[in-house]
Each structure stands twice: as C-alpha cells, then as structure tokens.
Amino acid sequence: MPNDVIWKADPHTLTKIEILGRYLGAWYGILGNTYGRVFYIDAFAGPGEYQGGIDGSPIVALDKALNHASLKNREATFWFVEENAERYNHLAELINQRTIPPNFDVNVWDNSNVEAMQKILNTLAWNNGRTPTFAFIDPYGFKGVSMAQLHQLLKRPSCEIMVTHMVQFSNRFKDTPEFETHLDAFYGTRVWREAPAQGRSFLADLFRQQLEKQARFTWSFRVIDRKNQHLYDLVFATNHLTGLARMKEAMASKTLEGPYRMSDRTAWQSTLFSFWDDITPLKEQLQQAIDNCGECSSHEWCDGGLVHTDSRVKDIRHALRELALDGVLTITHRDGRPVRRGTAPSGSLIKVKKEEKHGDKNPD
C-alpha cells in the first residue's frame, strides 16, 4: 500500500486517537442511556488505519460504538468525510468488513470537507437540535475548516467538538498571501493578522476565544516536540460541564512517550500529564480563590476548579480535603454536622476559616 494512502502514525497521533476512544467510551455510555440517538462526525477521516494495522479515528469511533452496550438498541449515525479517493475507498472497505446493525447508519463521503460539512449541517437542521453530536475535526493545516461551521455545530445544545489546531502550521504560513482567505475562514476573523512573528500563543488564544463565542467551555492541550516546539493544540469545546470533566479524564489517562509530550495550556498551571499526583500547585490556586468565597458547596468548588484550573474533579476534591487538614477550610454536612476527617463528601458545605484567612487566630 503506498505511503500516501496508509502511513506510519507518529506517537502523538496515536495518543490523540486513544484520547478520542476513551472519551467516546464515556460519551456513548452517558448519552446512549439518556437519548434515543447519537450522531458522530469525523472530518478528514483518512483511510481508517495506519501502517501495522493500527486503527484510525473513524474505525476507533465505529468499533467503540458497535461494542458499547448502551447503543445496542439506540440509533447511531456516523458521517466519515475523506476527499482523497484512494483513502476513501480504503476506509469504505474497512467498514464493509464489519457487521453493521440496522440501528446504525454509517456514511462515508468523498466530498470536500466544506461541502460535506454543509450537507451534515443541513441534515442536523432537520432534527430537533438536541440529538447528542460529537465532531472530531482533524485537519493537517487549516484548509477546509471554517469557524462559521464550527459555530453552527456548537449552536446545537448537545454538540461537542474536538479540533486539531495546527498552530505551528498557521504561524508558519500567516505571512503567505495565498493562505489569507483560508486563515480568515479558519479563525473567523482577520485578527490573526496581528499575531507577532512567533505567534503560536497568540493564535492558540484567538482560536479558543472564537470558539467561546458559541461554547460555554473550551479546553486545549498542547503537543510539544523534542525541540520544545509547540506543534498543535487539541481543542475541546462543549456547553456541558460533564463533557469537560470527562474529556479531562480521557486526556489525563495518557502520557506521551518518545520525542513528543503533552503540556497543559500554560506553563505555570498544574498539569494533567504528570507521573505523580502533586496537588501542591492546585492547592495554591484554590487558596487564591478563598477570599471570594464565604460558604460554598463542594459542588460549587469542584465546578469552579474544573473550569478555572487544569485539574480533574477527583484532584479538586483531594485538594479540598488537604486544605481542610491544613486548617484553611472547614467541611460540614448541610445540617452542620462535621464530616469524617479527611473527607469532602458530595453535597457538603465548605467554609473558609476566618481566623486562618485573616491571620487573627489567637495563638493561645
């Protein structure tokens, strides 16, 4: 098989696909038990596998669904888009090798991504707008991706997207006139022209800001190469805290090896990709928020930490327990009864110890 049809996957590509599979396992489970139907979109789907018989993203998504008990009696619609004819044919053949149940509708399209996405959006518009939809958009570069179409997806209340933002590629070609129109469409604005020479961080922030015009929550994780260069961001956008929590779990479950590594979005924040559970940075972040909190529930602390730190819910609960043991917080049941030492049960109330906060505790 020629290398332009099937190629060797880089470690960061395999990690990206593993993250996708882990997240879809949770997504299918939650939404398959709640709704009667789910939609999955894989733009730039590729041939469906890499050298060595390693599954690509469309096959991972499909097989995960075929083997998921929650979708056994649910409708599942898949749209796989691949413009290259040979890759399209290879993907179609892989799908034909599988037994597709009557409640699954699997579509492989060889349109351009722009045309295919418009057809998909038109199809989604015929539905009630609340069918859970997940779109994985994994271009090499920025051609064929439109912020306007991403916004159209995110206007749907139950739609989530994960986009590969090839920020190094955008930064390299931002001064090339022939790419201006594509970059205008990709970012949905001309502001990208204001990026400095080394504008990766500027472009990464701009892309998220544009998504946040339609998504309540976004999260991005950088892939760094052996030269400590920012290759791309894996950007997730959702309107639901549960989705954000599950995606963090999926991303935290895998660490890159070899010449690549994942990084959190800013260097000073605690990272999801550590081999150890050092919550000291998280405790410091939570303590910075104490002055704005009188009495809050553990849910409010966890939700706020989920949005404003790089940590997962279980890490936030761990940090709250540690802060209570440090004497910074008190944790009680809603009726005022103390909780067992070293715990922070769901629904408990958390108060700041004012004497610790203001330094007025009597030393005697």
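Below you will find a few notes about this structure. Model, not experiment: these values are computed from the prediction.

So, how was this worked out
- Each residue is numbered by its place in its chain's sequence as written, counting from 1.
- Where local features are concerned, this predicted model is filtered to residues with pLDDT of at least 70; where side-chain atom pairs are given and counted, the filter is 80 or more; whole-chain, interface and lining totals use all residues.
- Processing note: side-chain calculations cover all non-hydrogen atoms of the structure and skip hydrogens and water entirely.
- Strands here are runs of E lasting at least two residues and helices are runs of H or I lasting at least four, both read from the DSSP assignment and numbered beginning at the N terminus.
- When accessible area is computed with a 1.4 Å probe and restricted to protein chains, residues below 20% of their type maximum are described as buried, those above 50% as exposed, and intermediate ones as partly exposed.
- Whether two residues touch is decided by their heavy atoms; if any such pair falls within 4.5 Å, the residues are in contact.
- Here, Shrake-Rupley sampling with a 1.4 Å probe gives the accessible areas, and only protein chains in the shown set may cover a residue.
- Salt bridges are defined as contacts in which a side-chain nitrogen from Lys or Arg sits within 4 Å of a carboxyl oxygen from Asp or Glu.
- At least two bridges found by DSSP between two strands are what make those strands a pair.
- Axis lines are fitted through C-alpha atoms, for helices just across the contact stretch, and the angle between N-to-C directions can take any value from 0 to 180 degrees.
- Note on convention: near helix rotated counterclockwise from far helix by under a right angle means a left-handed crossing. Clockwise means right-handed.
- The nonpolar core is taken to be a set of buried Ala, Val, Leu, Ile, Met, Phe, Trp, Tyr and Cys residues, with the residues joined through side-chain atoms within 4.5 Å.
- Oblique is the label for every angle not falling under 35 degrees (roughly parallel), over 145 degrees (roughly antiparallel), or within 65 to 115 degrees (roughly perpendicular).
- Each residue is assigned to one class: nonpolar for Ala, Val, Leu, Ile, Met, Phe, Trp, Tyr, Cys and Pro, charged for Asp, Glu, Lys and Arg, and polar for all the others, Gly among them.
- Aromatic pairs are defined between Phe, Tyr and Trp rings, using the six-membered ring for Trp, whenever the two ring centres lie within 6.5 Å; interplanar angles under 30 degrees are classed as stacked, those over 60 as edge-to-face, and all others as tilted.
- Identification of polar contacts relies on pairs of N or O atoms within 3.5 Å, with a donor-acceptor requirement for protein atoms, meaning one able to donate a hydrogen and the other able to accept it, and with residues adjacent in sequence counted only if both atoms are side-chain atoms.

1. A look at the overall build of the protein
And step 1. In terms of regular secondary structure, the protein is built from 13 helices and 13 strands.
And step 2. When burial is assessed residue by residue, the protein has 53% of its 364 residues classed as buried.
And step 3. Across the protein, contacts joining residues at least 24 apart in sequence account for 71% of those joining residues at least 6 apart.
And step 4. Accessible surface computed for the protein: about 17,400 Å², of which carbon and sulfur atoms make up 46%.

2. Structural notes on the pattern of salt bridges
And step 1. Taken as a whole and assessed by the stated rule, the structure comprises 11 salt bridges.
And step 2. Two residues, Asp184 and Arg190, come together in a salt bridge whose shortest N-O distance is 4.0 Å.
And step 3. Owing to a relative accessible area of 55%, Arg190 belongs among the exposed residues under this scheme.
And step 4. Here the salt bridges share partners, and the residues they tie into one network are Glu180, Asp184, Arg190 and Arg193.

3. Some thoughts on the sheet that holds strand E13 (residues 349-352)
And step 1. The strand order E11-E13-E12 describes an open sheet built from three strands, whose pairing is antiparallel. Two strands in the sheet have a free side with no partner beyond their single neighbour: strand E11 (295-297) and strand E12 (329-332). Strand-to-strand, the axes of this sheet are offset by a mean angle of 25°, without reference to chain direction.
And step 2. Bridge count for E11 against E13 is three bridges, and the pairing is antiparallel. The residue of E13 that forms the bridge with Glu295 is Lys351.

4. Side note on the side chain of Thr332
And step 1. Looking at the secondary structure, you find Thr332 in strand E12.
And step 2. Taking the relative accessible area as the measure of exposure, Thr332 reaches 17% and is therefore buried.
And step 3. Those residues in contact with Thr332, other than ones at most four positions away along the chain, are Arg337, Pro338, Val339, Ser348 and Leu349.

5. Re the packing of helix H1 (residues 11-32) against helix H9 (residues 241-252)
And step 1. Orientation of H1 relative to H9, taken along the N-to-C sense of each, is 145°, at an axis distance of 8 Å. For H1 against H9, the interelement crossing comes out right-handed. When H1 is examined against H9, the residues Ile19, Arg22, Tyr23, Ala26 and Ile30 are found in contact with a partner set consisting of Thr242, Gly243, Arg246, Met247, Ala250 and Met251.

6. Topic: the nonpolar core
And step 1. Ranked by size, the top nonpolar core spans 54 residues in total, and within it Tyr28, Tyr40, Phe78, Phe80, Phe134 and Met247 carry the most contacts.
And step 2. The element that contributes the greatest number of residues to this core is H1, accounting for seven residues.
And step 3. Not counting chain neighbours up to four residues away, the residues in contact with Tyr40 comprise Leu20, Leu24, Tyr28, Ser57, Ala61, Thr77, Phe78, Trp79, Phe80, Phe134 and Phe136.
And step 4. In terms of nonpolar packing, the next biggest core, distinct from the first, is built from 41 residues, Met147, Leu183, Val223 and Ala237 among them.

7. Details of the packing of helix H5 (residues 147-154) against helix H8 (residues 200-211)
And step 1. Taken N-terminus to C-terminus, the directions of H5 and H8 make an angle of 40°; their axes are 10 Å apart at the nearest point. One element, H5, and the other, H8, form an angle in the oblique class. Contact with H5, carried on its side by Met147, Leu150, His151 and Leu154, involves Phe207, Gln210 and Leu211 of H8 and no other residues of that element.
And step 2. Of the residues in the contact of H5 with H8, the class split is five nonpolar, two polar and no charged.

8. Thoughts on the packing of aromatic side chains
And step 1. All told, the structure shown has 21 aromatic pairs when counted by the stated rule.
And step 2. Each ring, one from Phe169 and one from Phe173, has its centre 4.7 Å from the other, and the planes form 50°; the classification is tilted. Of the two residues, Phe169 and Phe173 are both situated in helix H6 (residues 167-173); the distance of four residues between them amounts to about one turn of the helix.
And step 3. Since its relative accessible area comes to 17%, Phe169 is described here as buried.
And step 4. Connected via pairs of aromatic rings, a cluster forms that spans Tyr23, Trp27, Tyr28, Tyr40, Phe78, Phe80, Phe104, Phe134 and Phe236.

9. A word on the environment of Ala65
And step 1. Among the structural elements, Ala65 can be located in helix H2 (residues 57-66).
And step 2. Ignoring anything within four residues of it in the chain, the contact list for Ala65 reads Tyr28, Leu71, Phe78 and Phe104.

10. Digging into the environment of His333
And step 1. Mapped onto the elements, His333 comes out in the loop between E12 and E13.
And step 2. When its relative accessible area of 24% is taken as the criterion, His333 is described as partly exposed.
And step 3. Spatially, the C-alpha atom of His333 lies 6.0 Å from that of Leu349, the residues being 16 residues apart in sequence.
And step 4. With residues up to four places along the chain from it excluded, the contact list for His333 reads Pro338, Val339, Pro345 and Leu349.

11. Looking at unusual backbone geometry
And step 1. With a phi angle near 55°, Phe44 is a residue other than glycine that sits in the positive phi range.
And step 2. Inspection of the secondary structure puts Phe44 in the loop between strand E1 (37-43) and strand E2 (49-50).

12. Observations concerning H5
And step 1. Counted residue by residue, H5 has six buried out of eight residues, so it is predominantly covered.
And step 2. Within H5 the residues assigned to the buried category are Met147, Gln149, Leu150, His151, Leu153 and Leu154.
And step 3. Near the N-terminus of H5, the side chain that reaches the backbone nitrogen of Ala148, with its oxygen 3.2 Å away, is that of Ser146.

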